[in-house]
Amino acid sequence: MGSQEFEEQLNFANYPELEKAYIETRDFFENGCCNLSPEEVHNQHPAFCYLDKFVMIKFPTYKVRVIDDNVSIEELIKQLLGLGMLYIYHETDTVIYPTMQRVNSIAIHCLELSLLDNRTLVEKIEEKLSTLGYHFERCVAFGLYSVPIEVKDNKIYKIS
């Protein structure tokens, strides 16, 4: 499965298959792959080369979108501190249909290293947000796992 195909298949129903592709790719690159060009990495794996120093492997995860004009990133950080590996940021150009009215949208991106751990984390986040009375939705997302590499003569080598 190539990098573009991974993104095209990114939906909740495909998460088990995408997780399997991530694990196989992570194991492949962590165990000393070689003789692939950066283009072959992109075409054959859910991954891409970054700055000729890393292979960035895509993994399926969850994003929680909080749509509430009365909440800030700082407040969410305070409320969600200690739940797990997550990244909180503003989303731009989020609108409500059909009015197309712009709304304050903050994303909480789950960044644990397995689908099971991310599912547990997203459930904890949703439980906390429900308790606080915030409006939110669960969305598909992907994260990036990095493996250090070297590129020599357009071929990738793992750094030991």
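Below you will find a few notes about this structure. No experiment lies behind these values; they were computed from the predicted model shown.

**Remarks on the pattern of salt bridges**
Pairs can form between side chains of opposite charge whenever their charged atoms are close. Under the counting rule described, the total for this entry stands at 11 salt bridges. Notably, a salt bridge pairs E91 with K63, separated by 2.7 Å at the nearest N-O pair. Of this pair, E91 sits in strand β3 (residues 86-91) while K63 sits in strand β2 (residues 54-67), placing them 28 residues apart in sequence. The class for K63 is buried, based on a relative accessible area of 13%. The salt bridge involving D93 is made with R102; its shortest N-O contact spans 2.6 Å. Both residues of the pair, D93 and R102, count as exposed. Linked by salt bridges that have partners in common, K63, R65, E91 and E137 make up one network.

**A few points about a nonpolar patch on the surface**
Together, Y50, L51 and F54 line one region of the surface with nonpolar side chains, adding up to about 310 Å² of accessible area. Tracing the chain through its elements places F54 in strand β2.

**Topic: the packing of aromatic side chains**
By the definition in use, this model includes 8 aromatic pairs. Seen from their ring centres, F12 and Y15 are 5.5 Å apart, and the 70 degrees between their planes marks the pair as edge-to-face. F12 gets classed as partly exposed once you look at its relative accessible area, which sits at 40%. Seen from their ring centres, F12 and Y62 are 5.8 Å apart, and the 25 degrees between their planes marks the pair as stacked. With F12 in the loop between α1 (3-8) and α2 (15-30) and Y62 in strand β2, this residue pair connects regions lying 50 residues apart in the sequence.

**Quick look at the pairing of β2**
Where burial is concerned, most of β2 is hidden: 12 out of the 14 residues are buried. As paired strands, strand β1 (residues 47-50) and β2 are joined by 4 bridges and run antiparallel to one another. Bridge pairing in β2 places F48 opposite M56. Between β1 and the antiparallel strand that follows it, β2, lie 3 residues; L51 among them carries a positive phi value of about 55 degrees. Note: β2 against strand β6 (residues 105-110), 5 bridges, orientation antiparallel. Across the sheet, the residue bridging to V64 is I108, located in β6.

**Here we look at the nonpolar core**
In this structure, V64, V66, L76, I88, I108, I125 and L129 are the most contacted members of the largest nonpolar core, which totals 21 residues. Among the secondary structure elements, those contributing two or more residues to this core are α2, β2, α4 (73-80), β6 and α5 (115-132). Per-element accounting of this core gives the leading share, 5 residues, to α5. Contact partners of L129, with chain neighbours within four places excluded, come to V64, V66, L76, I108, Y134 and F136. Counting residues in hydrophobic clusters, the runner-up holds 13 residues, among them C33, L36, Y145 and I149.

About the cut-offs
Residues numbered from 1 in each chain as written. Predicted model: local features only at pLDDT ≥ 70, side-chain atom pairs only at ≥ 80, totals over all residues. Heavy atoms only, no water. Salt bridge = Lys/Arg side-chain N within 4 Å of Asp/Glu carboxyl O. Helix = DSSP H or I, 4+ residues; strand = E, 2+ residues; numbered from the N terminus. Buried < 20%, exposed > 50% of the residue type's maximum accessible area, 1.4 Å probe, protein only. Patch = residues over 30% accessible without salt bridge, like charges linked within 9 Å, V, L, I, M, F, W, Y side chains within 5 Å. Areas by Shrake-Rupley, 256 points an atom, 1.4 Å probe, with all protein chains shown as cover. Phe/Tyr/Trp six-rings, centres within 6.5 Å; stacked < 30°, edge-to-face > 60°. Pairing = 2+ DSSP bridges. Core = buried A, V, L, I, M, F, W, Y, C linked by side-chain atoms within 4.5 Å. Contact = heavy atoms within 4.5 Å.

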